[in-house]
Structure formats: C-alpha cells, structure tokens
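# Survey of secondary and tertiary structure
Chain by chain, the residues run as shown.
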Amino acid sequence: MERFNDTIRALAQAFSRLDGCSAMAVSGSRTSQINDQASDWDIYVYRKERILPEVRAAIIGPLCDSMSIDASFFEEGDEFSKDGVYYDVMYRDEAFIQDQIERVWVRHQPSLGYSTCFLHNLRTSRFIFDKAALATRISTLDGPYPEALSRAVIDYNRRMTSGDGEATWIRQLDLAVRRGDYVSRNHRLATLMASYFDMLFAYNRVLHPGEKKIMGYCHLLCSRLPEDFDRDIEAIYSTAYDGPVVENVERALAHLYALIDD
C-alpha cells in the first residue's frame, strides 16, 4: 500500500489548520490492493463548512507545478500536479459519510451499477488527520456485508438486465444493434455491464471497487465467479461494436444468473 509523500503531508498540515476542516483522507487507486505508479492520488477533505476556492488555491499553489481550482465535475474539487504526479482533491461535508452508510449499509438502498462504490471508497480511506473521528463511523463497514443489501442490489439490477420489459438494458442494447446506432450501443452496453458487475460483487458480499481494473478485482475479491467468466467478458468486448454482442451478453448473464440462483 502506498505511503504518503511529502506533498500529501504538506497538504494535510495546511488543511488541518483550518477551523472548519475536520479530516483529510486518501482513497481510490493508491490505497487499493491493485495500484501502480500511473495512479492518481485521490484526496478527500472533510469539512463542516465550505472551504472557499481562494483559500484552497492559497494552500495548493505553493505545492504544485500546475493547478485547476474548482474543477468540480462530479464532486466539488481541485486538481493539481507536482513532478509529473497528479492529485485530485475532493471536498465533502462531514455528513456525507453517515448519509452513505445509512442509505446503503443500513437501509439497503441499491442503485443501478454502482450500489456500494462510495462505501468501498470510505472503507479504503486512510486518514492523515481526523479531528472528528470520522474513521470510527466508517469502521461500521468492517462488519459482515448485510444479506438484505446483497438481495436488494441483485434484485434491483436484475430487473434492468433481464429481458422481461421493453425498457431493460438488454432490450435497449438489442434495439441499438438492429438500428446500427453505435452511440446507443456503447451506452447501453456500458450500463448493462455496470449492473452485471454490481450484481456479481453483491452476490460475493464485497463492496464494489469501481470500474477501473475491475477484472483484476473480480478475481481478487470474489470467492465465486460465473462459469466461463473471463471468456464471456472477452467475447462481449471483442464484439462491442461489430459482432454478436447481444448473444454474448445473454450468455454472460445466463452464467451469472446460474451462479446467483444456485
């Protein structure tokens, strides 16, 4: 597991001085079991109140070669680089942690494709400072994966991957193929496979690590995989734009459902 470098430590020291800043953690690829030197640093700053962009720029500026402040496409955040290494800093309210745990881990609310990704992000967080004892709240995730959550994720995603409705992913993928609509074909395949992997991780009762290096994570984290797993996935993506992708997806889903229903 990656050690913190001088830039991370200096960033933590500066943010820890802010009254409204509760904690700073590193998560993502650098704290995963599968990482490499091409991985960015994903840094999460937890706060009680918003840290203004100008304050963030004053902290980050002296530590980097280039920066983009308020590059907030998914979560509020900044990006910067130092000596060819890239850093992605995201800012979260303290309540984010409890909200995610309550919604998914306690109330077992699934989503399409990425039901437990935020929980995995929290579970793999390494805190550099933690004035609010946020790690104690996250330690809830050390317990057994809830059976009810596993069922909810599988049932919810299965309804969208099976062929029982006109709006299901497989029906929409088939329609896109027959129309020769490559943009829709790409989109429907991506959403369908996101649900496939969401069900697979839920069946194995492990938190979803996200889409990067997902095949490696399946082999690392899952105690059971569908029949012909690697062959099925290779067949799907080798025919993603040209070939019998629908038939290949249906075969992979049949193998997944056989595992789930066993």
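So, here's what we can say about the structure. (Residues numbered from 1 in each chain as written. Predicted model: local features only at pLDDT ≥ 70, side-chain atom pairs only at ≥ 80, totals over all residues. Heavy atoms only, no water.)

Helix and strand counts for the protein stand at 11 helices and six strands. The C-alpha extent of the protein, read off along each of the three principal axes, is 55 × 40 × 30 Å. Residues counted as buried form 48% of the 262 residues belonging to the protein. For the protein, the exposed surface amounts to about 12900 Å²; the carbon and sulfur share of it is 50%. A distance of 3 Å separates the average location of the 30 positive side-chain charges in the protein from that of its 40 negative side-chain charges. (Helix = DSSP H or I, 4+ residues; strand = E, 2+ residues; numbered from the N terminus. Buried < 20%, exposed > 50% of the residue type's maximum accessible area, 1.4 Å probe, protein only. Areas by Shrake-Rupley, 256 points an atom, 1.4 Å probe, with all protein chains shown as cover. Lys, Arg positive; Asp, Glu negative; His and termini not counted. Charge placed at Lys NZ, Arg CZ, Asp CG, Glu CD.)

Taken together, the six strands give an open sheet; going across it, the order is S3-S4-S5-S2-S1-S6, and neighbouring strands pair in mixed fashion. Edge positions in the sheet fall to strand S3 (66–68) and strand S6 (126–130), since each of these pairs with one other strand and no more. Strand-to-strand twist of the sheet, defined as the mean angle between neighbouring strand axes without regard to direction, takes the value 20°. Examined bridge by bridge, S3 and strand S4 (residues 77–82) share three bridges and lie antiparallel to one another. (Pairing = 2+ DSSP bridges. Axes fitted to C-alpha atoms, helices over the stretch in contact; angles between N-to-C directions.)

Peptide bonds are, in most cases, trans, and in most cases residues other than glycine have a negative phi. Of note in the backbone geometry, Arg205 takes a positive phi value of approximately 55° without being a glycine. Within the fold, Arg205 resides in the loop between helix H8 (182–203) and helix H9 (214–221). Relative accessible area serves as the criterion here: at 35%, Arg205 is assigned to the partly exposed category. Even without being glycine, Lys213 reaches a positive phi, approximately 55°. Topologically, Lys213 is positioned in the loop between H8 and H9. On the basis of relative accessible area, Lys213 is assigned to the partly exposed category, the value being 33%.

A few words now on the side chain of Ser150. Within the element layout of this structure, Ser150 appears in helix H6 (residues 147–161). Among the polar contacts listed, one links the side chain of Ser150 to the backbone oxygen of Ala202, at a separation of 2.8 Å. Those residues in contact with Ser150 that lie beyond four places of it in its chain are Tyr145, Ala202, Tyr203 and Arg205. (Polar contact = N/O pair within 3.5 Å; in protein donor to acceptor, adjacent residues only side chain to side chain. Contact = heavy atoms within 4.5 Å.)

Let us now look at the environment of Asp6. Structurally, the position occupied by Asp6 is in helix H1 (residues 6–16). Between the C-alpha atom of Asp6 and that of Trp169, which follows or precedes it by 163 residues, the distance is 46 Å.

To continue, consider the packing of aromatic side chains. Enumeration over the complete set of coordinates arrives at six aromatic pairs. Judged by centre distance (6.0 Å) and plane angle (65°), the rings of Phe15 and Tyr91 are edge-to-face. Taken as a pair, Phe15 in helix H1 and Tyr91 in strand S5 (residues 85–93) lie far apart in primary sequence, 76 residues in all. Each member of the pair, Phe15 as well as Tyr91, is classed as buried. (Phe/Tyr/Trp six-rings, centres within 6.5 Å; stacked < 30°, edge-to-face > 60°.)

With that settled, the discussion passes to the packing of H9 against helix H10 (residues 229–238). In helix packing, the relevant descriptors are the interaxial angle and the interaxial distance, both defined with respect to the helix axes. Taken N-terminus to C-terminus, the directions of H9 and H10 make an angle of 165°; their axes are 12 Å apart at the nearest point. Accordingly, the angle class assigned to the pair H9 and H10 is roughly antiparallel. Note on packing geometry: the crossing formed by H9 with H10 is right-handed. When H9 is examined against H10, the residues Met215, Cys218 and His219 are found in contact with a partner set consisting of Phe229, Asp230 and Ile233. Its residues assigned to classes, the contact of H9 with H10 comprises four nonpolar, one polar and one charged. (Parallel < 35°, antiparallel > 145°, perpendicular 65-115°, else oblique. Left-handed = near helix turned anticlockwise from the far one by under 90°. Nonpolar A, V, L, I, M, F, W, Y, C, P; charged D, E, K, R; others polar.)

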